[in-house]
Every structure is written in C-alpha cells, then in structure tokens.
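# Structural features, examined
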Amino acid sequence: MIKYKYCLCNSKKYLSGVITIFNINKTLKHLHQSSKEQIWYIVKQEMEFWKVCYAAHILELFMADDSNDFNLERYFKVKAQEIRREKGFDNFITTHRMLLLGYMYGLMYKNSPLYNEASLSEVYFEIKERCNGEFEKTELYYDIIEQQIEKIYFSSELDEKNDTDRANFRLYPLFLLYKVLIEIGNITGRYFISTQEFNVFVSTTERYDHYLSTVFDILMCRNNDTIDLNDLNSKFRQDNRYRRVLSNIEVFNLSEGIEIKSEHVAYVKKKLYYFEVSEYKTFDSSYLSRLCKNVRLLNEENEERGAIPVIDLSTIEINTIETSIPRNWIFYGAPGSGKSRMLEDEYRGKYFPNDYLFSRVTFNSNYSYSEFVGVYKPTPMYEKVTDDRQLYKSNKVDLLEYQMIPHIDYTFTPGIFLEMLSRSLVDPLRNYLLIIEELNRADVATVFGDVFQLLDRNKDGKSEYPIQLTEDATNYLVSRVGKEKIISNRIIIPGNLYIWATMNNADQNVTRMDTAFKRRWEFKHIDINYNQKVIENRMLKLRFLEGNIKWNKFREIINDYCSEQLDIQEDRLIGPFFINDFSVDEDGLEIINEDSFKYKLLLYLRDDLFRYNPTDIFAKNRSLGKIIENYESEESKGNEIFIPLITEKLKNELLNGK
C-alpha cells in the first residue's frame, strides 16, 4: 500500500507521487459527456438570506389573513412593495417564487407543491424572535444563517432534478468546497480557486469522498495550457447561483473567484475537522427533518477524532414488524408507476418512522462493491504544531491558531451496507432498513459480491450461510459492534435488517439480474395505474390541442394504443408519476412543465420505447431533435408529432371533456 505524507516544503514531490493516480483526460471526457444540469444548482431566485426571511414572513401574513381576496402571487407583490416602501429598501424581493429558497434554507417545510400549504419552521420563528421581524439585521442571527447554509444538501427531494440529472449527488457542498480550498491552499500557499474552476470541477463533484480527484484536476489543469476551461464552462448552466449563497457567510472573498479569507482559514480547518469525524460525510437520510430544526449540523463541543456518533436509542420507539413482511423485497413496475411512493408511504413510513432506522442509496451504472460494502481510501490526517516546534517552512508567515501539518493516510471507509449492518447488530431490539433505489441500474452481482451469499435467509430472517469479509471490513465491524458478535470473523445479516429495493426493467440502460440473484427476493408488482387518483387533476398543455387535457387521460390513450395495438408489455408503459415536474397556474391548476413533456416523455417514446420502430407512434421517422423542432414550430405546432390516430384521439378526448 502506497502512503503519501506531505508538507508545504515538499509539495512538488507530493504532487509528482500522487498525480499519476488521477487521469485528467478521463475527467474531461466525463465532463464533456455530462448534461448541463449535472452541477450544484440552486433555483434562479433572490439569494440574500434576509430577503428570503422576508418572503417567508409574507407567506406567514398571507396564511393568517382570512380577509384578503388575492391569490398568493398577487398578495406577495403587494405586500413586498409595502415593505420596500416602509423600510426604504432599494432592491427588494418581487416574486413569490423565491419561496423556493425558503425550502432550501430550512425556513419552511414543503408539505405540497402549493406554497400556501407550507408550514414555517422553528428556524424561521427563532430568527424572527431574535431580530423582532427586522430581518435585514443579520448580525442578530448570523450563527443561524451559517448553520442553515452548512445544511444545504445536494441532491434532496427539494431539487427537481434529484432523481434524474443529480441522482448521484450525495454531499454537503459547503464542506466539499472547504475541503478543496484547504487542500489547494496547503499545496500552493493560497486557498483560492477561480470561478471557472468552481463551475467546471467543484460544482460537478458528486461525493465528498471525491475531493482528492477534484483538487488534482484543478492543479493539473492549471499546469496544462492545452485545456480550455472556457469551453467546458459554457457547457454547464450559467445561472448556477450557489456562489451567491456563499455571499451570506463571512469566510469567503468572492471578488475574483472563491477564496477563504486569511483570518478565517483556521476556523474553516476546525470546521472540517468536526465534519470529517461526524456521520454526515456519508449519512443523509435525516436531511429534511434536520434542515428545518434549529440545530447545527456539527456538534463542535463534543466531537472527537475517530469517535462514533452516539445515538440515544432509548429515545427511539421499538418498531415491531409482522412476519408476513419480506426481509428482501423488490418493488417493480412501469416507469412512473409509483414504486418509490408506495415503498415510502405504505411501508417505510409505517415500520421505520425514525430517520436513524433506515438509509437510502440509489444504484447507478458505476456503483461498486467498495461503495456498497467499504474500501480503503485516502484520508486527510492533521497533526497539531506545538509552540516550540517548527516542522516546515512556507512562503509566508503562518500565524494561525489551529496550525496543522497535513498528512495523507489510508483508512477504511465503510459503505452503506456495512453501516446498516453494524446498526442492526448493535441494536437487536429494533428493526433497520436499507433502501436501494434503481437496483438493476448497477451490475448487482459485482456490487453485492460475496454479500450475495447472505441474502439466503432462514425462517427467522437470518442469513443461512455466513461469509468472511476482508480483514479491514471485519475490523471495522468489530470496532462498532464488539468482538463477541463477530464469531470466527464470519458475519451474517441478522433478522432485524431489512433490504428493500425498487427497479424498472423497462429502461434501456439497466443490467439484467440472473435467476440466482432474483430467487433470493420477494417481488411486489406495482400496477400501472397505482394511486393515479393522487394526480387526477394534473393537466397537460399541448401546442396542437385547443386547451388542457388531463395527464391521466393522455396516458390512457398512449398506453391503450401501445398495449392493444402493439402488444407492448405493461412494464414499458407510462405510469402516473412518470412526470412530476409541474407548476401551479393562477387558477390553482397543476400544469405539467412543457420541457418535461419534450425532454422526458418524447425522449422515452423515441429513444427507448420506439427506438427501432418510431413510425409505430410518430408521424415520421425523425430524430428526437427534429420531433421537438416540429413541436416548437409556430407553423405546425406539433400536429405532425404523433400518427393521426393518436392525434385524433387526443383532440376527441378534449372535445368530449368540454
């Protein structure tokens, strides 16, 4: 095992040793193939924290005012103008849509797509009490601003792309940014990255554990004149406003790029220390409940290096589960049929109500055994410099209170399976759950590896056949659960650990599971129209129709045609939740976003369902780009998208509906 140790005086030697591990060309190829949405993205609204607090305040007034005749949008505009005039603000909020930031900042709970059904959080009320409603006085609650920005997470249910473009993102972005800046500063002497380096390399980083690759991608790019960051930068969304979120906290200088102010470097290092010994580097299932509570992400007073977070299990109610509920359970069905919704609403919420009792992971084509079970990874270690020791020199005078010598070590990092296994072994009284979304998007035989053997369970739910993990994984388990529970270094899955998964075998990019793997699971099929009443009033506006058609009616026409005329199996049809992107118009109608119709539905029909025989449903054999071009054309307005049979049925349905 190679082990690297470095300090500022020999950073060139360190770079020459580590640079061979990383492949900048592979990174650049991956970035060129990424979509413009695969970045840290915050909605395009006002970012100043105090203004978002005023937006939440206006919502509070709206919900308390039973006498007004305005809808929320109109009420918001009127009230915002009143506050602007009263306070003398030059630049103030203008649209109710900035309430989206209220969700992101944890000022409100998102109970439904309608803003007026949100509920204000204890974070908001604590801020309001401290400043007496004068939210512009941020000095009175700056610590809360910082704690809430620390808790922003990518990607969560608050993000409209959380299950598509940003499905693989699992990190607290502020701490990844801190980490990259500190490591670059340790090597170069300046804790700085350019705006382009942030946009191209940092904001595309998906996991905290990938920080080292990000650091060296930046450093290698700086030393390679042939790499054009302008070209890559233009590929991603140019309205990424996460940088503007950073202006709410004091540690950064944002005038040229992003730099940690010299007087705050020690503070940031201390923050990173506590973050890296916490559970939140890999654990995220309690994100939404924690976001809206007035609590810090890190307990900086009690955290210790290498400490395992202490959970008071006595506060968690024992969750008994009927014997009829399977331990290994797969929910499957057509795309958008509501597999995750059923798992969450009818089972997870009922049997595993506490956040500590479950964790969720989404498989993808690159997901590996090391991520699932665990692996040795490069890990930063820091040695304090005492007053009487001068162990290295640098190109500047370093007077930091928390001066550290950085080292690179390799330590075992557990995967989500090992984490949930250790919880269930430590606490046999309660039941625990590992949820795997999109199970068959990964090569499950490779991901599970020898854990595959443990899926054979006896009548008590325990593994029939124990296995022996690697020495590193076994040592980790022993450190968590005690040697007495690991007999002869062999482990089993206990009866109180459930593994539930979702899958859709209709997608083109899934991996087929062999019979040996499938026979170890119970399967639950989700009907194509499961829970469709939830979206009964959701509408679809199409350019070639004179009015809105119900989304469920549109699906019914497409699905009936596909199944009856073309004999297409149900698991390839369109479920009610295939599209979840919609907005609410002035009349309170839920209208599906046009981009989702074009880039989700038409994409699925053209490139997946009818890839080899597009004229079965489309009027002409055209590429997706040409189909969308026809739809957007002012001349045709999409009349030539579908075959006449489909188009006429849609128009007749609209007439009958009227």
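In this text the structure is predicted, and so the values were computed from the model without any measurement.

### Comments concerning the overall build of the chain
For the chain, the count of helices and strands is 24 helices and 16 strands. Residue burial in the chain is summarised as follows: out of 658 residues, 53% are buried. Sequence-distant contacts in the chain: of pairs separated by 6 or more residues, those separated by 24 or more amount to 74%. Entry remark: accessible area of the chain is about 30,900 Å², with carbon and sulfur atoms responsible for 45%.

### Brief notes about the sheet that holds strand β10 (residues 432–437)
Spatial ordering of the open sheet is given by β7-β10-β11-β6-β12, a layout of five strands whose pairing is parallel. Looking at which strands have only one partner, the edges of the open sheet turn out to be β7 (358–362) and β12 (522–526). The average angle at which neighbouring strand axes cross in this sheet is 20°, direction not considered. Pairing between strand β6 (residues 328–333) and strand β11 (residues 497–503): five bridges, direction parallel. Along β11, the bridge assignment pairs Trp 329 with Trp 500. Most of the contacts of helix α15 (residues 339–351) go to β11, to which it runs at about 165°, and overall it touches β6, β7, β10, β11 and β12.

### Quick word on α15
With 13 residues, α15 should reach 18 Å at 1.5 Å per residue; the first-to-last C-alpha distance of 17 Å fits that figure. Bending of α15 peaks at approximately 30° at the position of Asp 345. Within α15, the full set of buried residues consists of Lys 339, Met 342, Leu 343, Tyr 347, Arg 348 and Tyr 351. Here the buried face of α15 lies against β6, β7, β10, β11 and β12.

### Re the pattern of salt bridges
As enumerated under the stated definition, the model contains 34 salt bridges in all. Across the pair Arg 130 and Asp 143 runs a salt bridge whose closest N-O atoms are separated by 2.7 Å. With Arg 130 in helix α6 (residues 122–131) and Asp 143 in helix α7 (residues 142–150), this pair connects stretches of sequence that are 13 residues apart. The partly exposed category is assigned to Arg 130, whose relative accessible area is 34%. Its relative accessible area of 32% is what places Asp 143 among the partly exposed residues.

### Quick look at the nonpolar core
By size, the foremost hydrophobic cluster in this structure holds 98 residues, and its most contacted members are Tyr 105, Leu 107, Ile 127, Tyr 141 and Phe 252. Among the nonpolar cores identified, the runner-up in size contains 59 residues, and Leu 433, Ile 436, Leu 439 and Ile 526 belong to it.

### Here we look at unusual backbone geometry
A cis amide bond, omega 0°, links Phe 154 with the succeeding residue Ser 155. At Asn 132, a position not held by glycine, the phi torsion is positive, near 55°. Tracing the sequence through the fold places Asn 132 in the loop between α6 and α7. With phi around 55°, Glu 438 is a residue other than glycine that occupies positive phi space. Counting through the fold element by element, Glu 438 comes out in the loop between β10 and α18 (444–448).

### Digging into the packing of aromatic side chains
What characterises a pair of aromatic rings is the spacing of the ring centres plus the angle enclosed by the ring planes. Across all of its chains, the model carries 54 aromatic pairs by this definition. A centroid spacing of 5.9 Å and a plane angle of 45° characterise the contact between Phe 412 and Tyr 476, whose relative ring orientation is tilted. Of this pair, Phe 412 sits in strand β9 (residues 404–414) while Tyr 476 is found in helix α19 (residues 471–481), placing the two residues 64 residues apart along the sequence. For Tyr 476, a relative accessible area of 13% puts it in the buried group. The interplanar angle of 85° and the centroid separation of 6.1 Å between the aromatic rings of Tyr 498 and Trp 500 together place this pair among those described as edge-to-face. Taking relative accessible area as the criterion, Trp 500 reaches 0% and is therefore assigned buried. Taken together through their ring pairs, the aromatic side chains of Tyr 153, Tyr 172, Phe 175, Tyr 178, Tyr 208, Tyr 211, Phe 252 and Phe 275 make up a single cluster. Between the NZ or CZ atom of Arg 341 and the centre of the ring of Phe 577, over which it lies, the distance is 4.1 Å.

### Digging into the sheet that holds strand β4 (residues 252–253)
Within the open sheet, the three strands sit side by side as β3-β5-β4. Their pairing is antiparallel. Two strands lie at the open edges of the sheet, namely β3 (192–194) and β4, each paired on one side alone. Bridge count for β3 against strand β5 (residues 257–260) is three bridges, and the pairing is antiparallel. Across the sheet, Ser 194 pairs through a bridge with Gly 257, a residue of β5. Strand contacts of helix α9 (residues 195–202): β3 and β5, with the helix running at about 85° to β3, the strand carrying the most contacts.

What counts, and where the lines are drawn
Residues numbered from 1 in each chain as written. Predicted model: local features only at pLDDT ≥ 70, side-chain atom pairs only at ≥ 80, totals over all residues. Heavy atoms only, no water. Helix = DSSP H or I, 4+ residues; strand = E, 2+ residues; numbered from the N terminus. Buried < 20%, exposed > 50% of the residue type's maximum accessible area, 1.4 Å probe, protein only. Contact = heavy atoms within 4.5 Å. Areas by Shrake-Rupley, 256 points an atom, 1.4 Å probe, with all protein chains shown as cover. Pairing = 2+ DSSP bridges. Axes fitted to C-alpha atoms, helices over the stretch in contact; angles between N-to-C directions. Expected span 1.5 Å × (residues − 1). Bend = angle between axes of the 7 residues up to and from the residue. Salt bridge = Lys/Arg side-chain N within 4 Å of Asp/Glu carboxyl O. Core = buried A, V, L, I, M, F, W, Y, C linked by side-chain atoms within 4.5 Å. Phe/Tyr/Trp six-rings, centres within 6.5 Å; stacked < 30°, edge-to-face > 60°. Lys NZ or Arg CZ within 6 Å of the ring centre and 35° of its normal.

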